[in-house]
Amino acid sequence: MSGRGTGGGRGSGDGLVLAIDAGNSKTDVLVVSADDGTVLGAARGGGFQPQAVGVEAAVDVLARAVDEALAQAGAAGAPSAAPSVTPSVTPAVAPSVAHVSACLANADLPVEEEALARALHARAWGASTVVRNDTFAVLRAGVDEPRGVAVVCGAGINCVGMLPDGRTARFPALGRISGDWGGGAGLAEEALWHAARAEDGRGEPTELARALPAHFGLGSMYALVEALHLGHVPAVRRHELAPVLFAVAEGGDTVALGLVERQAREVVALAVVALERLGLLGEPAPVLLGGGVLAAGHPRLNPRIAELLRERAPLAEPRVVTAPPVLGAALLALDHVGAPPEAAAALRARYGERYGEE
């Protein structure tokens, strides 16, 4: 089993699974029939940030979306769905839910997964609960079986791999202290560093020194540094600078191209190590690329990743994941309860249709 779980094993409950995909900014929840893959309830909620607000308060945010999805499932005919309750109250057990699969941001270490699994299971949403890092949802959403490697490059960067027998490969993904480099936030920080040094003469000239402040309507890097330091440009807007970096690289700027090249090499380094740990380097295996930076399909980044993979892992099959991660969380739930393959296939097909209507 990948991830950390608690409660009953396979086959408990009577036909429903609950899937949760929770990122920093939003949460998606599905209630799915394990018999035929029908989506019986779906809801969206706020972001999951246990480090900022505490575990119980963060789980309260999940509870709002879970209650809504379970209520929909009850309206659709699911037996004994949990009633809507206030977030601070533990709901009654929903005996029809065989398993809860929760793929959560900020569940970076096994010890964190274990603690979060206990916290979610205490809410009695299902007979068993497994918590995984949210990168596993991206991986499972992009493959027909739980086999392969996924690299997510969003605000940060992370990589996981898994095999059908439950073996996994993973990294702490805690930033520079765990050896990580890049992601949208990291690229923005690097771009700012190079641009500031270019303007004051300490570094190599780069178009970034003009383009980054211009994005905010400012005339110099000094003005942008001042605005960021004093809060006139909120820190949360730094992520807007990653696309500027890629645009400058597309124009042939040497410094910007160097940063894009390094990001490509970091993605490939993660993927190759994960493939090697799982014994997949010598056979065809999918390498799924997800997160905002990779999903954007930057012409200087994704083709370079594919080129580097051909050199270091010739049998790897890189592709961008476009399916929403909550689909992966739901497929992991179906895997756990031993649902028939037809249920997974139907879920994948029907899920897109359902969300295409929203």
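Just so you know, these numbers come straight off a predicted model, no measurement behind them.

Another aspect to go through is the packing of helix α5 (residues 183–200) against helix α6 (residues 208–215). The N-to-C vectors of α5 and α6 enclose an angle of 115°; their axes lie 8 Å apart at closest approach. Our pair here, α5 against α6, has a crossing hand that is left-handed. From α5, Ala191, Leu192, Ala195, Ala198 and Glu199 reach across to α6, where they touch Leu208, Ala209 and Leu212. Here the contact of α5 with α6 is built from residues that sort into seven nonpolar, no polar and one charged.

Quick look at the nonpolar core now. Judged by nonpolar contacts, the single largest core of 56 residues is most densely connected at Val151, Leu208, Leu212, Leu275, Leu301, Ile305 and Leu309. Per-element accounting of this core gives the leading share, 12 residues, to helix α9 (residues 254–277). When residues no more than four places from it in sequence are discounted, the contact partners of Leu212 are Ala191, Leu192, Ala195, Met221, Leu224, Leu241 and Val244. The next biggest cluster of nonpolar side chains, apart from the first, holds 34 residues, and it includes Leu30, Val32, Phe136 and Val143.

Let's shift gears to the environment of Val160. Counting through the fold element by element, Val160 comes out in strand β8 (residues 157–162). When neighbours within four sequence positions are excluded, Val160 is seen to be in contact with Thr135, Phe136, Leu139, Gly148, Val149, Ala150, Ala169 and Arg170.

Okay, the environment of Val149 next. Considering the arrangement of structural elements, one finds Val149 in strand β7 (residues 148–153). The class for Val149 is buried, based on a relative accessible area of 0%. For the pair formed by Val149 and Leu289, sequence separation is 140 residues and the distance between their alpha carbons is 8.8 Å. Excluding its chain neighbours within four sequence positions, the residues that come into contact with Val149 are Leu139, Cys159, Val160, Gly161, Ala271, Ala274, Leu275, Pro286, Val287 and Leu288.

Moving on, we get to the sheet that holds β8. Read from one edge of the open sheet, five strands run β9-β8-β7-β10-β11, paired in mixed fashion. Edge positions in the sheet fall to β9 (168–170) and β11 (316–320), since each has one partner strand and no second. For this sheet, the mean inter-axis angle between neighbouring strands, taken without regard to orientation, is 15°. Of the strand pairs in this sheet, β8 and β9 are connected by three bridges, and their pairing is antiparallel. Across the sheet, the residue bridging to Gly161 is Ala169, located in β9.

Our next topic: the environment of Ala306. Along the chain, Ala306 turns up in helix α11 (residues 302–312). Residues Ala306 and Pro318, 12 residues apart in the sequence, show an inter-C-alpha distance of 6.5 Å.

On to the pattern of salt bridges, then. For the structure on display, the rule yields 16 salt bridges. Between Arg123 and Glu56 there is a salt bridge, with the nearest N and O atoms lying 3.0 Å from each other. Residue Arg123 is located in the loop between α3 (110–121) and β6 (128–133), and its partner Glu56 is located in helix α2 (residues 55–75); the two are separated by 67 residues in the primary sequence. Beyond isolated ion pairs, a larger network of salt bridges with shared partners links Glu261, Arg265, Arg304 and Glu307.

Before going further, it helps to examine α9. The end-to-end C-alpha distance of α9 is 35 Å, a good match for the 34 Å that 24 residues give at a rise of 1.5 Å each. Where α9 begins, the capping side chain belongs to Asp253, and its oxygen is found 3.2 Å from the backbone nitrogen of Val255. In the stretch just after α9, Gly279 is the one whose phi turns positive, near 70°.

This part is about the packing of aromatic side chains. Counting across every chain of the model gives zero aromatic pairs. Looking at Arg277, its charged tip hangs above the ring of Phe171, at a distance of 4.6 Å from the centre.

A few words now on the pairing of strand β5 (residues 97–104). Of all eight residues in β5, eight are buried; the element is thus mostly enclosed. As judged from the five bridges shared by β5 and β6, these two strands associate in the parallel manner. Note on β6: the bridge partner recorded for Ala102 is Val131. On the question of chirality, the crossover connecting β5 to the parallel β6 by way of α3 is right-handed.

What follows deals with unusual backbone geometry. One non-glycine residue, Ala124, lies in the positive phi region at around 60°. With respect to the helices, strands and loops of the structure, Ala124 is situated in the loop between α3 and β6. The class of Ala124 is buried, set by a relative accessible area of 15%.

What counts as what
- Residues numbered from 1 in each chain as written.
- Predicted model: local features only at pLDDT ≥ 70, side-chain atom pairs only at ≥ 80, totals over all residues.
- Heavy atoms only, no water.
- Axes fitted to C-alpha atoms, helices over the stretch in contact; angles between N-to-C directions.
- Helix = DSSP H or I, 4+ residues; strand = E, 2+ residues; numbered from the N terminus.
- Left-handed = near helix turned anticlockwise from the far one by under 90°.
- Contact = heavy atoms within 4.5 Å.
- Nonpolar A, V, L, I, M, F, W, Y, C, P; charged D, E, K, R; others polar.
- Core = buried A, V, L, I, M, F, W, Y, C linked by side-chain atoms within 4.5 Å.
- Buried < 20%, exposed > 50% of the residue type's maximum accessible area, 1.4 Å probe, protein only.
- Pairing = 2+ DSSP bridges.
- Salt bridge = Lys/Arg side-chain N within 4 Å of Asp/Glu carboxyl O.
- Expected span 1.5 Å × (residues − 1).
- Polar contact = N/O pair within 3.5 Å; in protein donor to acceptor, adjacent residues only side chain to side chain.
- Phe/Tyr/Trp six-rings, centres within 6.5 Å; stacked < 30°, edge-to-face > 60°.
- Lys NZ or Arg CZ within 6 Å of the ring centre and 35° of its normal.
- Right-handed = clockwise from strand over helix to strand, strands pointing away.

It is worth stressing that arrangement in space is one thing and function is another; only the former is reported here.
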